[in-house]
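As a plain string of letters, each chain reads:
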2 protein chains.
Amino acid sequence: MAILFCSSLDPAGRWREALARELPHLETRIYPDIGDPGTIDYALVWAPPPGLLAALPRLKLIASIGAGVDHILADPSVPRHVPIVRLVDPATTRLMSEYVLAQTLRLHRQDLLYEAQQRAGIWQWHEQPDPAERRVGILGLGRLGTDAATRLKANGFDIAGWSRTGKTLDGIACFSGGEGFDALLRRSDILICLLPLTAATENILDRRAFDHLPRGASVVNVARGRHLVDADLLEALDSGQLAYAILDVFREEPLPPDHPFWRHSRIVVTPHVAGAAEVRTAAPIIADAIRRAEAGLPLRDVVDPERGY
Amino acid sequence: MAILFCSSLDPAGRWREALARELPHLETRIYPDIGDPGTIDYALVWAPPPGLLAALPRLKLIASIGAGVDHILADPSVPRHVPIVRLVDPATTRLMSEYVLAQTLRLHRQDLLYEAQQRAGIWQWHEQPDPAERRVGILGLGRLGTDAATRLKANGFDIAGWSRTGKTLDGIACFSGGEGFDALLRRSDILICLLPLTAATENILDRRAFDHLPRGASVVNVARGRHLVDADLLEALDSGQLAYAILDVFREEPLPPDHPFWRHSRIVVTPHVAGAAEVRTAAPIIADAIRRAEAGLPLRDVVDPERGY
């Protein structure tokens, strides 16, 4: 019995060590050295090559090294009878909310404006609104979105959120559905995307969405690059409809060297660091899912492939 | 009876309007149009010209438009028999703590490193410590320092503070005195200066202090420019002893166009915006001090000129 590890982003050696400590009776094989496909029961993956999972006849569980599973479902050959679990790690959630808070404070305190002034040698004060006057809209009210909303609220911001199905959160205005989406946009000075990537949310950050935001709003994308229509963002920044964009995720990662986002003065690029999974905290959670699968216990955080999250 | 307003930094017109609403029986005169000096009872000032306050024979109260009074005490002719009150405004305190939190998060999340990478087109992830592993040291545990410490603690950082006289704060390691100063420095990955400017604290951020910090520490100065020895900071950054400095205050403000801080790649310059007084919230507090002086009631937040705060 073996675990297959396949990710070009995560540290394979550290994962193998951590899994050996947690599950000493299982061998971890690192892609592409998969050995006999018929002896692999569990797969721990980030963006596996198409066809890989379908070629494992005894596969009992697919675990995502991340909160999203779009990188798994993108492969239509992934066997539908094998349960897929996503990584729900409180440490990753905390990291993500911290990044969102840091970037929201940065936009709120006009850091990017003061940075531009510093580059130009300009000493000029700007009116500073109270955080209660700063309307932040969060797209996605799953575990990440809810945690970020709570953290921002604790720091004084005026928070609203949007999700596909209606939610109720204490002290946070919750919108849902198509009309709710437009209403959320109209009251968001800062828009934060924490949605799962599905057919319904792909390209959701497009010209139409930007046009519904108040003029001079800013956008933070910490979900997936494919939520964003790159050309529409550039146009909205250049027209002044948007002030700034802070982007941690991209259609292609690493972001290609010639991509215009790298050199745009009002775009911040970070290399997918907002809520990266950490081996130390994530390995015990993945190990627990495998133990449950071995024991035939109900799994936690199973994804609905039709819904996409 | 009249109030004299004298500040080159604050909006005189808005202050006059706000004081007229609060104290309709008093006239506000804006420097240099002071009228008859013998009819001025109250002075509301930021860095008044030397000799101005000494030339007001009936002066009963000097109010600082700011938490510090160094800009008043710098004038040796200021009459010692007239009480000086400093501005203690919860809104200013909140603004200051928000700035300190924003900049601490920025250093913690390695924003300045990722910004340098963006400028160079480099996609590279860096290990992200937990905030509980990030040791933040706060110089000054007055109202501003205590509030900032509490806010940073609530956001997960490992906080310690230093003050001239010993303090006790819940969950925060408090140091005092000369040995305590060195001990605080040795455990501060991020050092934040929120001290009053006095003869004892001038030039406190010098080469000796930087040498006691862990290698690669960063410094945030939101107190006064004269706490910092500019040349020592540049040397510590250039040697790698310090990683970054975030500065909101300077020896000369506006920061002169040819000052090397403007163009240093590891110095952030903001134009004294961390905790600027806002007329809306500060005017009622100043008006209350004047009403107390008029009524002969005990004043709040009176400064000890010998101590300097």
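Here the structure is a predicted model, which means the values were calculated and not measured.

Participant: Would you mind showing me how to read the interface of chain A and chain B here?
Facilitator: A common measure of how large an interface is: the accessible area buried when the components associate. In this assembly, 45 residues from chain A lie in contact with 45 residues from chain B. When chain A packs against chain B, the two sides together hide about 3800 Å² of surface, and 54% of this comes from carbon and sulfur. On the chain A side of the interface with chain B, the three residues burying the most area are Arg109, Gln118 and Trp123 of chain A, jointly 23% of the side's total. Here arginine 106 of chain B ties to aspartate 111 of chain A by a salt bridge, and the two come within 3.1 Å at their closest N and O atoms. At the level of secondary structure, the elements contributing two or more residues to the side of chain A that touches chain B comprise helix H3 (90-108), helix H4 (111-120) and strand S12 (267-269) of chain A. Looking at which element gives the most residues to the side of chain A that touches chain B, the answer is H3 of chain A, with 10 residues.

Participant: Is there a simple way to explain empty space enclosed by the protein in this structure?
Facilitator: A probe as big as a water molecule, rolled over the atoms, marks out the empty space that is left. Evaluated as defined, the whole model comprises four cavities of 30 Å³ or more. In this structure, the largest cavity occupies an estimated 80 Å³ of space. Residue lining of the largest cavity: Arg109, Tyr114, Trp125, His126 and Gln128 of chain A together with Leu95, Val273, Ala276 and Glu278 of chain B, and that is the complete set. The residue inventory of the lining of the largest cavity, partitioned by class, reads five nonpolar, two polar and two charged. One number sums up the size of the second largest cavity: a volume of about 70 Å³. Lining the second largest cavity, in full, are Ala67, Arg86, Leu87, Val88, Asp89, Thr92, Thr93, Arg143 and Leu144 of chain B. Secondary structure elements with two or more residues in the lining of the second largest cavity: helix H3 (90-108) and helix H5 (143-154) of chain B. Partitioned by chemical class, the residues of the lining of the second largest cavity number four nonpolar, two polar and three charged.

Participant: How do you make sense of the relation of the copies chain A and chain B when you look at a structure like this?
Facilitator: For the match of chain A to chain B, the screw axis carries a shift of 0.0 Å, the RMSD comes to 0.0 Å, and the turn is 180 degrees. The relationship between the two copies is best expressed as a two-fold rotation axis. Among all C-alpha atoms of chain A, that of alanine 102 of chain A lies closest to the rotation axis, at 3.0 Å. In this assembly, 100% of the residues forming the interface of chain A have copies in chain B that are likewise at the interface, indicating an isologous arrangement.

Participant: Where do I start with the environment of cysteine 193 of chain B in this structure?
Facilitator: Residue and element names in this part refer to chain B. Position of cysteine 193 among the secondary structure elements: in strand S9 (residues 190-193). With a relative accessible area of 1%, cysteine 193 lands in the buried category. Here the alpha-carbon distance between cysteine 193 and leucine 247, two residues 54 residues apart in the chain, equals 9.9 Å. Once residues within four sequence positions are removed from consideration, cysteine 193 is found in contact with Leu139, Leu205, Val220, Asn221, Val222, Ala223 and His227.

Participant: Before we go on, may I ask you to explain the pairing of strand S2 (residues 27-30) of chain A in this structure?
Facilitator: Two faces make up the sheet, and in a regular strand the side chains alternate between them. Residue and element names in this part refer to chain A. Both strand S1 (residues 2-6) and S2 contribute to a ladder of four bridges, which runs parallel. The residue of S2 that forms the bridge with alanine 2 is glutamate 27. Handedness of the β-α-β unit built from S1, helix H1 (residues 12-22) and S2 comes out right-handed.

Participant: What should I look at first to understand the packing of aromatic side chains in this one?
Facilitator: A ring pair, where both rings are aromatic, is described by two values, the distance of the centres and the angle of the planes. Under the counting rule described, the total for this entry stands at eight aromatic pairs over all chains. Their ring planes at 65 degrees and their centres at 5.1 Å tell us that tryptophan 162 of chain A and phenylalanine 181 of chain A sit as a pair that is edge-to-face. With tryptophan 162 of chain A in strand S7 (residues 158-163) and phenylalanine 181 of chain A in helix H6 (residues 177-186), this residue pair connects regions lying 19 residues apart in the sequence. The pair tryptophan 162 of chain A / phenylalanine 181 of chain A is uniform in exposure class, with both members buried. Aromatic rings pair up to connect Trp123 of chain A together with Phe250 and Phe261 of chain B into one cluster. Stacked on the ring of tyrosine 309 of chain B, the Lys or Arg arginine 307 of chain B has its end atom at 4.1 Å from the ring centre.

Participant: Which parts of the structure should I look at to understand the sheet that holds S9 of chain B?
Facilitator: Pairing between sheet strands relies on hydrogen bonds along the backbone, with the strands arranged either parallel or antiparallel. Residue and element names in this part refer to chain B. What the seven strands build is an open sheet, ordered S8-S7-S6-S9-S10-S11-S12; its pairing is parallel. This sheet does not close on itself; its edge strands, each paired only once, are strand S8 (173-176) and strand S12 (267-269). Along the sheet, successive strands turn relative to each other by an average axial angle of 15 degrees, direction set aside. The pairing of S9 with strand S10 (residues 217-221) spans four bridges and is parallel. Bridged to leucine 191 within S10 is valine 219.

Participant: Would you take a moment to explain helix H1 (residues 12-22) of chain B for this structure?
Facilitator: An α-helical turn contains 3.6 residues, so any two residues separated by three or four positions project in the same direction. All names here are of chain B. Listed as buried for H1 are Ala12, Trp15, Ala18 and Leu19. The buried side chains of H1 occupy one side of the element, clustering within an arc of 130 degrees when seen end-on. In this structure, the buried residues of H1 make contact with strand S1 (2-6), strand S2 (27-30), strand S3 (40-45) and helix H9 (279-295).

So, how was this worked out
Residues numbered from 1 in each chain as written. Chains lettered and ligands numbered in written order. Predicted model: local features only at pLDDT ≥ 70, side-chain atom pairs only at ≥ 80, totals over all residues. Heavy atoms only, no water. Contact = heavy atoms within 4.5 Å. Buried area = accessible area lost by both parts, 1.4 Å probe. Salt bridge = Lys/Arg side-chain N within 4 Å of Asp/Glu carboxyl O. Helix = DSSP H or I, 4+ residues; strand = E, 2+ residues; numbered from the N terminus. 1 Å grid on protein atoms, 1.4 Å probe; cavity = no way out; pocket = protein on both sides within 12 Å on 5 of 7 lines; lining within 4 Å. Points joined across faces, edges and corners; volume = space filled by probe spheres on them. Nonpolar A, V, L, I, M, F, W, Y, C, P; charged D, E, K, R; others polar. Least-squares fit on C-alpha atoms with pLDDT ≥ 70 in both. Buried < 20%, exposed > 50% of the residue type's maximum accessible area, 1.4 Å probe, protein only. Pairing = 2+ DSSP bridges. Right-handed = clockwise from strand over helix to strand, strands pointing away. Phe/Tyr/Trp six-rings, centres within 6.5 Å; stacked < 30°, edge-to-face > 60°. Lys NZ or Arg CZ within 6 Å of the ring centre and 35° of its normal. Axes fitted to C-alpha atoms, helices over the stretch in contact; angles between N-to-C directions. Arc of directions from axis to C-beta.

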